[in-house]
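If you want the building blocks of each chain, they are given just below.
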Amino acid sequence: MLFYKSVATFGRYLMLMRRTFSRPERMRMFFKQYIKEMSQQGVDSIGIVLLISFFIGAVICIQIKLNIESPWMPKFVTGYTTREIMLLEFSSSIMCLILAGKVGSNIASEIGTMRVTQQIDALEIMGVNSANYLILPKVLGMMTMMPVLVCFSIFSGFVGAYATAIIGHIITVDDLTLGLQHEFNEWYVWMGFIKSIFFAFVITSVSAFYGYTVEGGSVEVGKASTDSVVSSSVLILFSDVLLTQLLS
Amino acid sequence: MIEVKSLYKSFEDKEVLNDINCVFDNGKTNLIIGQSGSGKTVLMKCIVGLFRPTSGEVLYDGRDLVTMNKQEWKMLRREMGMLFQSAALFDSMTVLENVMFPLDMFSRDNYADRVKRAQFCLDRVNLLEAQQKYPDEISGGMQKRAAIARAIALNPKYLFCDEPNSGLDPKTSLVIDDLIHDITVEFNMTTIINTHDMNSVMGIGENILYIYEGHKEWQGSKDQIMSSTNERLNSFIFASDLFRKVKEANK
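Residues numbered from 1 in each chain as written. Chains lettered and ligands numbered in written order. Predicted model: local features only at pLDDT ≥ 70, side-chain atom pairs only at ≥ 80, totals over all residues. Heavy atoms only, no water.

Our focus in this paragraph is the overall build of chain A. Within chain A one finds 9 helices and 0 strands. Put simply, chain A runs from its N terminus to its C terminus through helices and strands in the order α-α-α-α-α-α-α-α-α. A principal-axis box enclosing the C-alpha atoms of chain A has dimensions of 70 × 45 × 30 Å. A separation threshold of at least 6 residues defines the contact pool for chain A, and within that pool the share at least 24 residues apart is 86%. Accessible surface, chain A: about 11900 Å² in total, of which carbon and sulfur atoms supply 71%. Distance between charge centroids for chain A: 9 Å, based on 17 positive and 17 negative side chains. (Helix = DSSP H or I, 4+ residues; strand = E, 2+ residues; numbered from the N terminus. Contact = heavy atoms within 4.5 Å. Areas by Shrake-Rupley, 256 points an atom, 1.4 Å probe, with all protein chains shown as cover. Lys, Arg positive; Asp, Glu negative; His and termini not counted. Charge placed at Lys NZ, Arg CZ, Asp CG, Glu CD.)

Before going further, it helps to examine the interface of chain A and chain B. Taken together, the contact between chain A and chain B spans 18 residues of the former and 26 residues of the latter. Buried area between chain A and chain B, both sides added, is near 2100 Å², and the carbon and sulfur share of it is 57%. Summed over the three residues of chain A that lose the most area to chain B, namely Arg 26, Ile 125 and Met 126 of chain A, the buried surface amounts to 34% of that side. At the junction of chain A with chain B, the criterion picks out 3 salt bridges. Here Glu 25 of chain A ties to Arg 78 of chain B by a salt bridge, and the two come within 3.5 Å at their closest N and O atoms. Elements with a contribution of two residues or more to the side of chain A that touches chain B: helix H2 (27-42) and helix H5 (119-126) of chain A. No other element matches the 7 residues that H5 of chain A contributes to the side of chain A that touches chain B. (Buried area = accessible area lost by both parts, 1.4 Å probe. Salt bridge = Lys/Arg side-chain N within 4 Å of Asp/Glu carboxyl O.)

Interpretation in functional terms is not warranted from these geometric data alone.
Next up, the structure:
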């Protein structure tokens, strides 16, 4: 029964995506929405990304320094490990999990409210492909902005690590800099971008699906918002394993 | 003109509409009335294409909605305007942007002409002064008027109104009724109103379809309603004291 329900839900998701990824009725309107969504989903998330990444960068640096300190361990290990964690997992995967909460719930509740207040019906009556008009700019907008957010996250994490060195004197700036530069592999940055773009698609499309298919009132919109965050988080975690295996 | 022929609609095992046959004329305010749960909203949704009928035909000037291909359906939808129960204005847009939306989507006019057309529609519903306001900054009656302006922006041939007076005071309801009626005559549209407001029935009901438990029980004009001998219709229409007294006074 659960399997049948899951397959049916996935089928409905694919059908919605088919309607979403069609040519926009008016490119002018699409670009207007696209720019708006990039601002709403991406630019408005920069603050939270910078804040969280700063503190996580600082905490990773402190934890690594305090927990693996040993005379046998080179001094650059702290900076090196901080960099690898930020590049490989935090700024792409964990940041996307956090954004699934912020952006995902926002999308699901916005589209869900439009559904229950008949705004989507109004679009359909006008002859507008509502899935394409509402969902496509959100998906593409977030996919465009996510690598930018990853860059901000990496940068802010490093700033946090430097803060522990400069303010907290946990590590010297030279050791940290040496660690951050040690055996830098550019591919890790691209890997983070690729993963984040995929996760951006998961967050926006899954949340939009939950919002678009809401039936009922405000309680159902709230439930759809929660379900969208849970589902997209689980999907991000699963696909993170696959993508990491695939791209490493 | 819209014709409905042998329309059936079921949800799983439950039959909601049963053999509906009716004609909605041009330039007239056609009303669908009935108790809550009688199937009038389902009928309206089948007519506008939001629900697919189980069987039957919905003919828009001879074009069957049910058998239309995607392109024909798309074109037909551009000839429709709809006023929803909740007005359904886009809350992220101003009143002017709401009215301009269908024009931005489908009109090939330049920006200045689109603004001019939207302002004409807003002026027609006496709402020009609220054009820069957002839907949550205006009253329910004003929202309905803005929704009417949006519905007529593309000069539709068919106008659908789902419970246009719900949540409005009697005076504002009259304003909305008169506005819909005047616009219908002025633009020679086929207007279908889904309502259970008896003031609307008596005020603008030129062609009234009474739905009872999913089937057509009665069809006629507001003048014929007073002399109807249909018991179900009478018990629905004259459920309130006021209308009973009006009927007795007429006798």
